[in-house]
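Examining the three-dimensional arrangement
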Amino acid sequence: MTEETASAVTKATARVKRGLAEMLRGGVIMDVVTADQAKIAEDAGAVAVMALERVPADIRRDGGVARMSDPALIEEIQAAVSIPVMAKARIGHFVEAQILEALQVDYIDESEVLTPADEAYHIDKWRFSVPFVCGATNLGEALRRISEGAALIRSKGEAGTGNVVEAVRHLRSIVGDIKKITQADSAELHGWAKELRAPYELVAEIAEAGKLPVPLFCAGGIATPADAALVMQLGAEACFVGSGIFKSGDPAKRGRAIVEATTHYQDATILAKVSRNLGVPMVGIEMDKVDVHLAERGW
Amino acid sequence: MGVESRLVKLPSELKGVTHLVIPGGESTAISLLLHSSDLLEPVAEFAAGGGALFGTCAGMIILASEIIDGRFDQVALGAIDITVRRNGFGRQVNSFEADLVVHGVSGGPMTVAFIRAPVVTRVGPDVSVLASVRYEFPDGGTREAPAVCRSKNVLVSSFHPEVTGDDRLHKLFLESF
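Description of the structure in this document.

**Notes on the interface of chain A and chain B**
Facing 41 residues of chain A, the contacting portion of chain B comprises 40 residues. D43(A) is paired through a salt bridge with R71(B); the nearest N and O atoms lie 2.6 Å apart. Our count for the chain A to chain B interface comes out at 17 residue pairs in polar contact (both at pLDDT 80 or more). Those elements that provide at least two residues to the side of chain A that touches chain B are β1 (9-11), α1 (14-24), α2 (35-44) and α12 (251-263) of chain A. Among the elements that make up the side of chain A that touches chain B, the one with the highest residue count is α1(A) (six residues). Partitioning the side of chain A that touches chain B into residue classes produces 17 nonpolar, 13 polar and 11 charged. Relative to strand β5 (residues 96-100) of chain B, β1(A) runs antiparallel, the two being bridged by three bridges. Looking at β5(B), one finds that V9(A) is bridged to A98(B).

**Side note on the nonpolar core**
In terms of nonpolar packing, the biggest core is built from 78 residues, with L100(A), L139(A), L143(A), I153(A) and L212(A) touching the most fellow members. Take this core: its biggest share by element is seven residues, from helix α7 (residues 165-183) of chain A. The contacts of I153(A), once residues within four sequence positions are left out, are C134(A), A136(A), A142(A), R145(A), I146(A), L212(A), V214(A), P215(A), L216(A) and F217(A). Among the nonpolar cores identified, the runner-up in size contains 28 residues, and V75(B), V84(B), V127(B) and V156(B) belong to it.

Calculation notes
- Note on numbering: residues in each chain are counted from 1, in written sequence order.
- Whichever chain is written first is A, and whichever ligand is written first is 1; the rest continue in order.
- Since the coordinates come from a predicted model, pLDDT governs what is reported: local features require at least 70, and pairs of side-chain atoms require 80 or more to be given and counted, while whole-chain, interface and lining totals use all residues.
- Where side-chain values are given, they derive from all heavy atoms of the structure, hydrogens and water being excluded.
- Contacts: residue pairs with any heavy atoms within 4.5 Å of one another.
- A pair is scored as a salt bridge if a Lys or Arg side-chain nitrogen falls within 4 Å of a carboxyl oxygen belonging to Asp or Glu.
- For the purposes of these results, a polar contact is taken to be a pair of N or O atoms within 3.5 Å, where, inside protein, one atom must be able to donate a hydrogen and its partner to accept one; residues adjacent in sequence count only when each atom of the pair is a side-chain atom.
- Helix and strand definitions here come from DSSP, where helices need a minimum of 4 consecutive H or I residues and strands a minimum of 2 consecutive E residues; each element is numbered from the N-terminal end.
- Think of it as three bins: nonpolar holds Ala, Val, Leu, Ile, Met, Phe, Trp, Tyr, Cys and Pro, charged holds Asp, Glu, Lys and Arg, and polar takes everything else, Gly as well.
- A pair of strands is labelled paired if DSSP reports no fewer than 2 bridges between them.
- Each nonpolar core is a collection of buried residues, namely Ala, Val, Leu, Ile, Met, Phe, Trp, Tyr and Cys, held together in the definition by side-chain atoms within 4.5 Å.
- Buried, partly exposed and exposed residues are distinguished by accessible area as a fraction of the type maximum, computed with a 1.4 Å probe on protein chains only: under 20%, between the cut-offs, and over 50%, respectively.

Set out below in structure tokens:
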């Protein structure tokens, strides 16, 4: 039997935008540069792929201006997989974002991994139907991005290094300040808003809910199943893995292992099992050897 | 909701469960994890034994008997006799909220979110449709698609009731089975 419905359909609401991020929770989003890599990522159990021309490790190595990917590449990747496809726009480059929206990517990453296009303003993300993810190194930055319309926050880490130390720093900073805010009284909340340079309403919302109003994922430097489980135990709700998979010796196996580790992040027996015989990991870089700090882009 | 609940990630955690919810997410990833976590057989046995199941969005795909536009190797448990088309409403820009009247849910329409949702394209003889949604599809045609279906022991919705915070469909699930 069918009930007659006069359903009014509304698209691009904040709930619909944040809702897709909710559905990616507990999963792994993998950087891919070709349709073949996208298929390997889907086979490995990725919940989404990030389509780009160069992974952060190569951007770091090659230098030069890093821009939005060629639309033809993004379309090839969209055609190759059935999972959501994300793509990156430069910070403040709202025309790249308009193009990505026209391509119907599922999420736009306004990303510090690309060369910023505007040194004063991030994109006004409320003007778009496609949801945005933005990076943050601390809670103030996260709340400013949410206030601009971001529907998902990822801690930045230091992309393309294979070194998880910055991801841990940023995640601890965000999660730590959230904990402190839940203990603050109403007068202190105004102080927090001032200190974080963030809207008071969002600070008050955190005090009430004990978490960000949008999901919090982690990015930048995850290279092993243990790294993924580490950031999950520290409070991330999902992982972005960039260079860590396709710059390793056996991407299919490592990708799969990182997916399983992200699911079973609290089960050390399973983590030990999936960490075995993964081949060569990507070669990491120590922070004092890093010449360009991508995480410092954006404000 | 006044009931004891737990997360099931391993076969041992399924013991003693009377009502199982398979939530949203990516059906291909869930499918793979069902295999790697050795949950596929226990969940299939749970369904075959008449255990109560509620699948939302990706969960509905997993419970369906036939999947269109899926991966060749993805799980269709066949717990409810329906055919679904993955991402049938289109990509994320076509995701939407709608107010739906659900048969058996009192207190007015539910506001729910369809996110890259599957479309039910065929409903078997022993399956009843509790709600439908009218939608202008990417091909330009406006059609009505079943949004909530139920069989003897299985309830499925192509939307996510939890995204908009309405727990009435979960109540219906607990009360029906």
